[in-house]
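Here are the chains, one letter per residue:
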Amino acid sequence: MYKQIAANKRKTFMLMVVFVLFVGALGWLFGLYWGDPSITKYVLIGALVYVVFSYYSSSKLSLAVNGAKQIEKRDNPRLYRVVENLAITDGLPMPKVYIMEDTGLNAFATGRNPKTASVAITTGLLDALNDKELQGVMAHELGHVKNYDIRVSMVAFAMVAVVGLMADIILRSVWFRDDNNNNSATMIIGIVAAVLAPLIALFIQLSISRKREYLADATGVLTTRYPEG
């Protein structure tokens, strides 16, 4: 279990490095196309600013977008006590608990680190689960908190957005630039890069997400000692 945590952290770090290099390569290609290599530097700075902004604001945005409402123990003792007991077992600070008025079956955790973490669940899923299943779901979400998965996911999501934006800019520049000195080879490379970049970025993000989901499941089982739940 702990070897897998360490392995996943190493792999995720490498994937994030690849992501940064990928953004830098797109910036370099964009600079090459416009004949200004210094563009690469500004692309990397802009990407970093966006990632930092997302890092500090995405948790509040995700809760607001989903209409999540914070509760206290008196509002829903069943849910609150489950989260509280799991947090104590995991040695984590008590996260903020939210409920979303939605018949869909969904739950998620958010926050930069365990001290700023929040967990949310829909009324539909809350009503559908028995106590053991509810414990299993919330243990999975707290597993994300314990393993710092959310931090990695937020940065990965922000970088996917950056790549998508850059790809769109490159593609539009290629189509609408009217320049007699245009290099056909560079234009073709630009088009191919613009089309493939979002797909590559998405695959990297999904790779990170998949590894983290498996680890959160294992962490949840370790916490509850009840794999069936």
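All values reported here derive from a predicted model rather than from experimental measurement.

Visitor: What's the story with the overall build of the protein in this structure? I'm lost.
Guide: The helix and strand tally for the protein stands at seven helices and four strands. Reading the protein from its N terminus to its C terminus gives the helix and strand order α-α-β-α-β-β-β-α-α-α-α. Residues classed as buried in the protein amount to 45% of the 229 residues present. A separation of at least 24 residues holds for 67% of the contacts in the protein among residues at least 6 apart in sequence. A total of about 12800 Å² of accessible surface is found on the protein, and carbon and sulfur atoms cover 62% of it.

Visitor: When you look at the nonpolar core in this model, what are you seeing that I'm missing?
Guide: Across soluble globular proteins, nonpolar side chains show a tendency to be buried alongside one another. Ranked by size, the top nonpolar core spans 48 residues in total, and within it Val23, Leu79, Ile121, Leu134, Met138 and Val163 carry the most contacts. Ranked by residues supplied to this core, first place goes to helix 6 (residues 149–176) with 13 residues. Not counting residues within four places of it along the chain, the set of residues in contact with Met138 comprises Leu79, Val82, Val83, Leu86, Val119 and Ile121. Counting six residues, the second largest nonpolar core, distinct from the first, contains Leu63, Tyr98, Met100 and Phe108.

Visitor: When you look at the sheet that holds strand 4 (residues 118–122) in this model, what are you seeing that I'm missing?
Guide: Two strands in a sheet stick together by hydrogen bonds in their backbones, pointing the same way (parallel) or opposite ways (antiparallel). Judged by pairing direction, the sheet is mixed, and its four strands sit side by side in the order 1-2-4-3 without closing on themselves. Only two strands of the sheet have a single neighbouring strand rather than two, namely strand 1 (68–71) and strand 3 (107–110). Strand-to-strand twist in this sheet, taken as the mean axis angle between neighbours without regard to direction, amounts to 25°. Here strand 3 runs beside strand 4; their pairing, made up of four bridges, is antiparallel. When the sheet's bridge partners are listed, Phe108 is paired in strand 4 with Ala120. Those strands touched by helix 2 (residues 39–65) are strand 1, strand 2 (96–100), strand 3 and strand 4, and its axis lies near 155° from that of strand 3. Set on the sheet, helix 3 (residues 77–90) makes contact with strand 1, strand 2 and strand 4; between it and strand 2 the angle comes to about 140°.

Visitor: I keep staring at the packing of aromatic side chains and nothing clicks. Help me out?
Guide: Here a ring pair, both rings aromatic, is described through the centre-centre distance and the interplanar angle of the planes. Counted under the stated rule, the structure contains zero aromatic pairs. If you follow Lys132 out to its NZ or CZ, it ends over the ring of Tyr226, 5.1 Å from the centre.

Visitor: Is there a simple way to think about helix 2 in this case?
Guide: Counted at 1.5 Å a residue, the expected span for helix 2 with its 27 residues is 39 Å, but the 34 Å between its end C-alpha atoms falls short. A maximum bend of about 55° is found in helix 2 at Ser57. Taken residue by residue, helix 2 has Ile39, Thr40, Val43, Ala47, Val51, Ser54, Tyr55, Ser57, Ser59 and Leu63 as its buried positions. Two residues or fewer after helix 2 comes Gly67, characterised by a positive phi angle close to 65°.

Analysis parameters
Residues numbered from 1 in each chain as written. Predicted model: local features only at pLDDT ≥ 70, side-chain atom pairs only at ≥ 80, totals over all residues. Heavy atoms only, no water. Helix = DSSP H or I, 4+ residues; strand = E, 2+ residues; numbered from the N terminus. Buried < 20%, exposed > 50% of the residue type's maximum accessible area, 1.4 Å probe, protein only. Contact = heavy atoms within 4.5 Å. Areas by Shrake-Rupley, 256 points an atom, 1.4 Å probe, with all protein chains shown as cover. Core = buried A, V, L, I, M, F, W, Y, C linked by side-chain atoms within 4.5 Å. Pairing = 2+ DSSP bridges. Axes fitted to C-alpha atoms, helices over the stretch in contact; angles between N-to-C directions. Phe/Tyr/Trp six-rings, centres within 6.5 Å; stacked < 30°, edge-to-face > 60°. Lys NZ or Arg CZ within 6 Å of the ring centre and 35° of its normal. Expected span 1.5 Å × (residues − 1). Bend = angle between axes of the 7 residues up to and from the residue.

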